[in-house]
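Structure assessment
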Amino acid sequence: MIINGERRISKTDQWIDVTDPSTGQVIARVPESTPEEMEEAFQSSYEAFQSWKNVSVFKRARIMAEYQRLLVRDTDKLAESISREQGKTFNDAKGSIFRGQEVIEHAIAMPTLLQGEALQQVGNEIDIKSYREPLGVTAGITPFNFPIMCGLWMFPISITAGNSMVIKPSEQDPTSMVDAIELALEAGIPPGVVNCIHGTHRAVNTICDHPLVQSISFVGGDNAGKHIFARGTANGKRVQSNMGAKNHGIILPDCDFDSTVGALVGSGFGAAGQRCMALTTWVFVGDSYERMVDHIVEKARSLKVSDWKDPEADVGPVISRTSLDRIHRLIASAERQGAKIDLDGRNPTVRAGLEGGNWIAPTVVSGVTPDMDIYKEEVFGPVVICMKADSLDDAIQIINRNPYGNGTAIFTRSGNAARKFEYEVDAGNVGINVPIPVPLPAFPFSGSRGSFRGDTHFYGKEGVKFFTKSKVITSSWPSRAVEAVDHMKMPTFSK
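Here is a short report on the structure shown in this document.

About the cut-offs
- Residues numbered from 1 in each chain as written.
- Predicted model: local features only at pLDDT ≥ 70, side-chain atom pairs only at ≥ 80, totals over all residues.
- Heavy atoms only, no water.
- Helix = DSSP H or I, 4+ residues; strand = E, 2+ residues; numbered from the N terminus.
- Rg over C-alpha atoms; globule rule 2.2 N^0.38 Å.
- Buried < 20%, exposed > 50% of the residue type's maximum accessible area, 1.4 Å probe, protein only.
- Contact = heavy atoms within 4.5 Å.
- Areas by Shrake-Rupley, 256 points an atom, 1.4 Å probe, with all protein chains shown as cover.
- Pairing = 2+ DSSP bridges.
- Axes fitted to C-alpha atoms, helices over the stretch in contact; angles between N-to-C directions.
- Salt bridge = Lys/Arg side-chain N within 4 Å of Asp/Glu carboxyl O.
- Core = buried A, V, L, I, M, F, W, Y, C linked by side-chain atoms within 4.5 Å.
- Polar contact = N/O pair within 3.5 Å; in protein donor to acceptor, adjacent residues only side chain to side chain.
- Nonpolar A, V, L, I, M, F, W, Y, C, P; charged D, E, K, R; others polar.
- Phe/Tyr/Trp six-rings, centres within 6.5 Å; stacked < 30°, edge-to-face > 60°.
- Lys NZ or Arg CZ within 6 Å of the ring centre and 35° of its normal.
- Expected span 1.5 Å × (residues − 1).
- Arc of directions from axis to C-beta.

Moving on to the overall build of the chain. Each helix and strand in the chain was counted, giving 16 helices and 22 strands. The C-alpha radius of gyration of the chain comes to 25 Å, within 12% of the 23 Å expected for a compact globule of 495 residues. Buried positions account for 57% of the 495 residues belonging to the chain. When contacts within the chain are restricted to residue pairs at least 6 apart in sequence, long-range pairs at least 24 apart make up 72% of them. Accessible surface, the chain as shown: approximately 21,200 Å² in total, 50% of it carbon and sulfur.

What follows is the structure in structure tokens.
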């Protein structure tokens, strides 16, 4: 834990094992923070907020710039921590840190992002201005699949806008987030501005219920996300909840063949399929499936399944035995329900010493229909499913009938088809020949429908709006004596 600037050992008697996904061996233990420790964290953040909100926004931005420098300095160290606990390949872990650093670069522009508006002479010597103020204590709950990146979606924007934040990392891989917060303290963030607690249900419910918490940012699964949104908003808090996904890619016959094959394989199997923007449902229009499937299978089969210590690794393990069992269950259900396994990655061969890990190699399942379990559930592993559509209209309807709306992509050389797709598809993040269209931080991460709960998205201008509230001031400084006003009437300044 980190409370009031100190990394400390919990006094709890409840500990959770943290395992190395590549071996199954326990490598650390994370505490269920006690109620007293969590209360201390919230009080510390509240007290820190009282002074932090008065620090110049330019100074806060300079501290973020220093934080960015320290993250660059320690990228390899942080990536190793991610890989050890989460299972990511080393290069993938480094890439995820870089994507988080981009949000910090956006936060450094906070002096501009927080600028308000003004309008003179709305009435006789009456002016109006507005600006945005911080909320107070905010909270962030991060997922296992991007333990640093998603934390960097949250607290840099929040605290540079003048708030404080209490972070609860995933109990499955918490160490790298703690390390990243320590770097923020080294950069000059005052004690208490960012605190870190640990735990599962009790910690989450405490965040949802605590009266000092003004907002909650969450990235993770459906059940937790819906619970946090319902409980948090019931307690009067702002909540932004990024949840599950079923991201479809439409492949038209006129697509660039080689680049599309590479894009599909990378987006479907990279990060072992454990990313909310993984493109894992491929809808082939016309004869594109018959033309491409053998090449896709060949390229997927060539990917190396190994742990992060192997510099040639392409696909690492999935996070837990529970995840692996779910993936196996869904592949087996697809077989029973009539789908075809074009490439079966179950029970792959790995090097000596890794036999106890949570391993599954790239898997391709074709002949999938919307009524199958493997389509209705998020697999969250290196498994892609292939569907067919007669036309672009049919493919768009498949996507729009699915309850999720996180991301989607189309592969085509046709500008008309691309424009039709971007206009008609009902998803928040859309790629045109871009397989994983995660927006850069100047734009919001815009998941929609079943993939998101809330009104305001992560980062971009929406992220700044989420972590601030508007204040509008109407002022009158008359230069001479004015007639007495009947204050019992509705004010009509502009008459």
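Additional details are given in the paragraphs that follow.
Further remarks concern the sheet that holds strand 19 (residues 429–432). One open sheet holds the 7 strands; their spatial order is 14-15-16-13-12-18-19, and the pairing between them is mixed. Among the strands making up the open sheet, the edge pair consists of strand 14 (340–343) and strand 19. When the angles between neighbouring strand axes are averaged without regard to direction, this sheet yields 25 degrees. Here strand 14 pairs with strand 15 (residues 363–366) via 3 bridges, running antiparallel. Bridge pairing in strand 15 links Leu343 to Val364. Of the strands in this sheet, strand 12 (247–251), strand 13 (279–285), strand 16 (383–389) and strand 18 (407–411) touch helix 14 (residues 392–401), which is tilted by about 175 degrees from strand 12.

We now examine the pattern of salt bridges. Evaluated as defined, the whole model comprises 27 salt bridges. For Asp310, the salt bridge identified is with Lys304, shortest N-O distance 2.7 Å. Judged by relative accessible area, which is 15%, Asp310 ranks as buried.

The next thing to look at is the nonpolar core. Ile250, Trp282, Val365, Val368 and Ile374 are the most contacted members of the largest nonpolar core, which totals 61 residues. Here Trp282 is in contact with Gly249, Ile251, Leu264, Val265, Gly268, Phe269, Ile296, Val384, Ile385, Cys386 and Met387, once residues within four sequence places are set aside. Formed by 52 residues, the second largest nonpolar core is a distinct cluster that contains Ile2, Ile82, Leu114 and Phe466.

In this section: unusual backbone geometry. Its identity is not glycine, yet Ala272 carries a phi of approximately 55 degrees, on the positive side. Structurally, Ala272 can be placed in the loop between helix 10 (257–269) and strand 13. Overall, Ala272 belongs to the buried group, its relative accessible area being 2%.

Right, let's get into the environment of Thr160. Within the fold, Thr160 resides in helix 6 (residues 149–160). Through-space distance from the C-alpha of Thr160 to that of Ser56 is 9.8 Å; in sequence the pair is 104 residues apart. Filtering out sequence-adjacent residues up to four positions away, Thr160 remains in contact with Val57, Arg60, Ala61, Met64, Ala107, Met110 and Phe155.

Here we come to the pairing of strand 15. Of the two faces of strand 15, the one carrying Thr363 and Val365 and the one carrying Val364 and Ser366 are both buried. In terms of strand pairing, strand 15 meets strand 16 through 3 bridges, oriented parallel. Counterpart to Val365 in the pairing with strand 16 is Ile385.

In this section: the environment of Ser267. Structurally, Ser267 can be placed in helix 10. Through-space distance from the C-alpha of Ser267 to that of Val434 is 9.5 Å; in sequence the pair is 167 residues apart. Sequence-distant contacts of Ser267, defined by excluding residues within four places in its chain, comprise Arg275, Ala278, Leu279, Pro435 and Ile436. Within the structure, Ser267 has its side chain in polar contact with the backbone oxygen of Ala263 (distance 2.9 Å). Within polar-contact distance, the side chain of Ser267 engages the backbone oxygen of Leu264 at 3.2 Å.

At their nearest, the axes of helix 8 (residues 201–209) and helix 9 (residues 222–234) sit 8 Å apart, and the two run at 35 degrees to each other. Counting all contacts with helix 8, which are made through Val204, Asn205, Cys208 and Asp209, the residues of helix 9 involved are His227, Ile228, Arg231 and Gly232. Classifying every residue of the contact of helix 8 with helix 9 gives 3 nonpolar, 3 polar and 2 charged.

Let us look at the sheet that holds strand 5 (residues 117–123). Judged by pairing direction, the sheet is antiparallel, and its 3 strands sit side by side in the order 5-6-22 without closing on themselves. Each edge of the open sheet is held by one strand with a lone partner, namely strand 5 and strand 22 (468–476). Here the strands of the sheet are splayed against their neighbours by 25 degrees on average, with no regard to which way each runs. In the sheet, strand 6 (residues 126–134) pairs with strand 22 via 9 bridges, with the strands oriented antiparallel. Among the inter-strand pairings, Ile126 is bridged to a residue of strand 22, identified as Ser476.

Residue position: Ile108 is located in the loop between helix 4 (90–107) and helix 5 (110–113). The spacing of Ile108 and Gln120 is 12 residues in sequence and 30 Å in space, taken between C-alpha atoms. Not counting chain neighbours up to four residues away, the residues in contact with Ile108 comprise Ala61, Met64 and Ala65.

Moving on, we get to the packing of aromatic side chains. Per the stated rule, a full pass over the model turns up 10 aromatic pairs. When the ring of Phe90 is compared with that of Trp308, the centres are 6.5 Å apart and the planes differ by 40 degrees; the resulting orientation is tilted. Separated by 218 residues along the polypeptide, Phe90 in helix 4 and Trp308 in the loop between helix 11 (288–301) and helix 12 (321–336) bring together distant segments of the chain. With relative accessibility at 24%, the residue Phe90 sits in the partly exposed group. Plain terms: the ring middles of Phe284 and Tyr289 are 5.4 Å apart, the flat faces sit at 70 degrees to each other, and that makes the pair edge-to-face. Tyr289 carries the same exposure label as Phe284, and that label is buried. Just above the ring of Phe146 sits the side chain of Lys88; from NZ or CZ to the centre is 3.9 Å.

So, about helix 1 (residues 35–52). Over its 18 residues, helix 1 extends 25 Å from the first C-alpha to the last, a length consistent with the 26 Å expected when each residue adds 1.5 Å. Looking at helix 1, one finds that the buried residues are Glu37, Met38, Ala41, Phe42, Ser44, Ser45, Ala48, Phe49 and Trp52. Here the buried residues of helix 1 occupy an arc of 160 degrees about the axis, which is enough to place them on one side. In helix 1, the exposed positions that point more than 90 degrees away from the buried face belong to Glu36 and Glu47.

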